[in-house]
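Chain by chain, the residues:
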Amino acid sequence: MSAAKCLPLLAIGSLGGTVSMQVETAGEGVTPSLSSEALLAGLPQLEGLALISAETLQLLPSASLTFTQLLDVLQWADAQVKKGAQGVVLTQGTDTLEEVAYFLDLLWPHDAPLVLTGAMRSANQAGADGPANLLASVQVALAAESRGRGVLVVINDQVHAAVHVRKADSLAMQAFTSSHFGPEGLLIEGRVCYLKPPRRRCVLPAPQRLDHRVALLEASLSADTLLLEEVARLGYEGLVIAGFGAGHVSQEWARCLGQISQWLPVVVATRTGAGTTASCTYGFNGGEMDLQRRGARMAGFLCPRKCRVLLWVLIGCGREAELERHLDVQGLARPLHS
Ligand code: ASP
């Protein structure tokens, strides 16, 4: 048997983002232009690790990715595993990395790892981090210990769970954190070292519907209720609120949310960027106890953006009745003692 035949199969799909951006026209800024082959060309270290098949699936800034495109990406990744890939790596922009990772994690049925990565510096910037992140992602995707861990985000030599990871800095190299929970693992001398056992996962069936809308609105000081009042009339089928503090809104918003939650599921998360919503601490109008009485669900640790992804997927596969259970598990929304 030749050496190549002993190597594991690995698939890499690229979607665009800073990792594949470079200056095309001087003075015009960087734009996505590098194909997946071009990304690999700069990484001779990959040779001998795996038989790699690479495909350019999109060349977009990640702000422009859509759920429909991500379902196509999921199908592509699924096909790679069915063809024998031991793991799949996706490169994309970091701006929506956490949402894409979480979306795919809700739907990824395999034990084989699906690893997402990106870069904070574009390809022709000094000290570009794309090649190092891609190499680390391949190392994670090929490790037997990565199996059964769902979708992982590998960046800056850390491995993060899709449910916890967050871009917490706009431009810094150490932009990604999993606050409170910490990374799942670290890359040390080219090997992944997991700090935690695999998490419990709830995998959902692929959404059958794609035409539904879930709104996300952020509470802010002295905000009016005009947009809120229109949510149901405009045909949204779910609403997520990025609430103040531990999941709070103004008295006016609370009244509106009470009405809206008679028609559609309403989830209240925290806009703070870390920590959980409360469940039984604040009794004022617009506090979490009041909001729950009015029919809203508290998100726990799940951030507003991931709540929107969860609600969209649940509605799409006809499982919105399971919202509470998913928030309990993934947002740890219910206090441990209850
Ligand atoms: N700044 C982004 C990135 O890090 C751009 C994007 O998300 O596409 O890739």
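Coordinates for the structure precede this section.
Residues numbered from 1 in each chain as written. Predicted model: local features only at pLDDT ≥ 70, side-chain atom pairs only at ≥ 80, totals over all residues. Heavy atoms only, no water.

Draft legend 1. Geometry of unusual backbone geometry. Notably, N156 is not glycine yet its phi reads approximately 55°, a positive angle. With respect to the helices and strands, the residue N156 is situated in the loop between β7 (151-155) and β8 (158-161). A positive phi angle is found at S222, which is not glycine, with a value near 60°. Note on placement: S222 falls in the loop between β13 (214-218) and α6 (226-230). (Helix = DSSP H or I, 4+ residues; strand = E, 2+ residues; numbered from the N terminus.)

Draft legend 2. Examining the sheet that holds strand β11 (residues 185-188) more closely. The strand order across the open sheet formed by eight strands is β4-β1-β5-β6-β7-β8-β11-β12, and the pairing between neighbours is mixed. Every other strand in the sheet has two partners, leaving β4 (51-60) and β12 (191-194) as the edge strands with one partner each. In this sheet, neighbouring strand axes are inclined to one another by 25° on average, regardless of whether the strands run parallel or antiparallel. (Pairing = 2+ DSSP bridges. Axes fitted to C-alpha atoms, helices over the stretch in contact; angles between N-to-C directions.)

Draft legend 3. Local environment of the nonpolar core. Of all hydrophobic cores here, the largest spans 54 residues; its most connected members are F103, L104, L114 and L116. The residues contacting L114, other than those within four sequence positions of it, are A77, V88, L90, L104, W108, G150, V151 and L152. Residues V115, L135, A143 and V192 belong to the second largest nonpolar core, which totals 26 residues. (Core = buried A, V, L, I, M, F, W, Y, C linked by side-chain atoms within 4.5 Å. Buried < 20%, exposed > 50% of the residue type's maximum accessible area, 1.4 Å probe, protein only. Contact = heavy atoms within 4.5 Å.)

Draft legend 4. Fine view of the environment of V267. Considering the arrangement of structural elements, one finds V267 in strand β15 (residues 266-270). Judged by its relative accessible area of 1%, V267 falls in the buried class. Separated by 21 residues in the primary sequence, V267 and E288 have C-alpha atoms spaced 11 Å apart. Ignoring sequence-local partners within four residues, the contact set of V267 consists of L239, V240, I241, R297, A299, C307, L311, L323 and L327.

Draft legend 5. Spatial organisation of the site of the ligand. Looking at the ligand, the residues that line it are G17, T18, M21, P61, S62, G93, T94, D95 and A119. In the model, an oxygen atom of the ligand is placed 2.3 Å from a nitrogen or oxygen of the T94 side chain. The contact in question runs from an oxygen atom of the ligand to an N or O atom on the backbone of A119, over 3.2 Å. Partitioning the shell around the ligand into residue classes produces three nonpolar, five polar and one charged. (Near = heavy atom within 4 Å. Polar contact = N/O pair within 3.5 Å; in protein donor to acceptor, adjacent residues only side chain to side chain. Nonpolar A, V, L, I, M, F, W, Y, C, P; charged D, E, K, R; others polar.)

Draft legend 6. Structural view of the side chain of S122. Following the sequence through the fold, S122 ends up in the loop between β6 (114-117) and α5 (130-142). Not counting the four nearest positions on each side in its chain, S122 is found in contact with T18, M21, V30 and A128.

Draft legend 7. Molecular detail of the pattern of salt bridges. Under the definition given, this model contains 14 salt bridges. Measuring nitrogen to oxygen at the nearest pair gives 2.7 Å for the salt bridge that ties K82 to D78. A residue pair is termed a helical-turn pair when its members lie 3 or 4 positions apart in one helix, as K82 and D78 do in helix α3 (residues 67-82) at four residues. You can call K82 exposed: its relative accessible area is 62%. (Salt bridge = Lys/Arg side-chain N within 4 Å of Asp/Glu carboxyl O.)

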